[in-house]
Amino acid sequence: MSDSLRQLPLSLPHSAAMTRADFIVGRANQSAIALIDRYPDWPNPVALLVGPAGSGKTHLGQIWKTATGAVEIAARDLATAGLDELVGTHPVLVEDVDGEGVSQTALFHLFNLVRERRVSALFTSRVPLQALPFDLPDLASRLRSAVPVELLEPDDELLARVIVKLFADRQLAVDPAVIDFISHRMERSLGAANRLVELLDREALAAGRPITRHLAATVLAREAGDEPELPFDD
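Residues numbered from 1 in each chain as written. Predicted model: local features only at pLDDT ≥ 70, side-chain atom pairs only at ≥ 80, totals over all residues. Heavy atoms only, no water.

Enquirer: What is the right way to read the packing of aromatic side chains from this model?
Expert: Summed over all chains, the structure comprises four aromatic pairs. Both rings, one in Tyr39 and one in Trp42, keep their centres 5.0 Å apart while their planes meet at 75 degrees; by these two values the pair is edge-to-face. Pairing Trp42 with Trp64 gives two aromatic rings, centres 5.8 Å apart and planes at 15 degrees, and the pair type is stacked. Highlighted residues: Trp42 in the loop between helix H1 (30-38) and strand S1 (46-50) and Trp64 in helix H2 (residues 57-68), separated in sequence by 22 residues. Comparing Trp42 with Trp64 shows no difference in burial state: the two are buried. What links up through ring pairs into an aromatic cluster is the set Tyr39, Trp42 and Trp64. (Phe/Tyr/Trp six-rings, centres within 6.5 Å; stacked < 30°, edge-to-face > 60°. Helix = DSSP H or I, 4+ residues; strand = E, 2+ residues; numbered from the N terminus. Buried < 20%, exposed > 50% of the residue type's maximum accessible area, 1.4 Å probe, protein only.)

Enquirer: Please explain the environment of Ala34 as it appears in this structure.
Expert: Locating Ala34 in the fold gives a position in helix H1. Overall, Ala34 belongs to the partly exposed group, its relative accessible area being 35%. Sequence separation of Ala34 and Val149 is 115 residues, and the distance between their C-alpha atoms is 9.8 Å.

Enquirer: Help me understand the packing of H1 against H2, please; the structure alone is not making it clear to me.
Expert: Each pair of packed helices can be summarised by the angle the axes make with each other and by the distance between the axes. Running from amino to carboxyl end, H1 crosses H2 at an angle of 15 degrees, the nearest separation of the two axes being 10 Å. Relative to H2, H1 is oriented roughly parallel. Regarding H1 and H2, the two cross each other, and that crossing is right-handed. On H2, the residues touching Ala32, Ile33 and Ile36 of H1 are Leu60, Ile63 and Trp64. Residues belonging to the contact of H1 with H2 are distributed by class as follows: six nonpolar, no polar and no charged. (Axes fitted to C-alpha atoms, helices over the stretch in contact; angles between N-to-C directions. Parallel < 35°, antiparallel > 145°, perpendicular 65-115°, else oblique. Left-handed = near helix turned anticlockwise from the far one by under 90°. Contact = heavy atoms within 4.5 Å. Nonpolar A, V, L, I, M, F, W, Y, C, P; charged D, E, K, R; others polar.)

Enquirer: I'm lost on the sheet that holds strand S3 (residues 92-95) in this one. Help?
Expert: The strands that make up a sheet pair up through hydrogen bonds in the backbone, lying either parallel or antiparallel. Strands sit in the order S2-S3-S4-S1-S5 across an open sheet of five strands; the sheet is parallel. The outermost strands of the open sheet, each flanked by one partner alone, are strand S2 (71-74) and strand S5 (147-150). Along the sheet, successive strands turn relative to each other by an average axial angle of 20 degrees, direction set aside. Summarising the sheet, S3 and strand S4 (residues 121-125) pair through three bridges and their orientation is parallel. Within S4, the residue paired with Leu93 across the bridge is Leu122. Across the sheet, H2 is in contact with S1, S2, S3 and S4; its angle to S3 comes to roughly 165 degrees. (Pairing = 2+ DSSP bridges.)

The following block contains the structure:
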């Protein structure tokens, strides 16, 4: 199809399903979902959920928030939030403690309030505890007491099941053979799966055709900086 005949892809809104029933469990995230499901039976009232972008931290956080009635805040907003009002009688979900602009003083104050008021907190981070850029000694001590759980690299089965879900979130049904083709050739991460599904959705809409093996091969090759050598028919 010539570029002149390609449709202009529109960024149509879609919602990722974030319930417990929608969470796909595999070896990579088994420990993390077990921790969420085990609440409030935690060895410490504060837990640290670690995983790269797109690994499922947000989904797990939303599951926990729904189950516990937790209040949610981005770590970068702690410095300007009214922490005394934020930490009341409900648990607290704090997203992205590894992000830029996080106040160590505010985070330390939050830890103290959580402990004083005997509520729980779940923190998320893209990097493990030892890599967090904090040099406030008392904060480091508080963080070391948190229960750490890590989201690992997905295996082929989990990756394929997640890709199916991501397409379903966009109301797209894709042939299982195409899913298998994608999952065996793409970068091994859930973040890459999110990015690839979005690219395939946009490319299929622009080309006015379904998501096929050839389209997937073309997009994968483009992402890798290569030129596909497959015939056009699927």
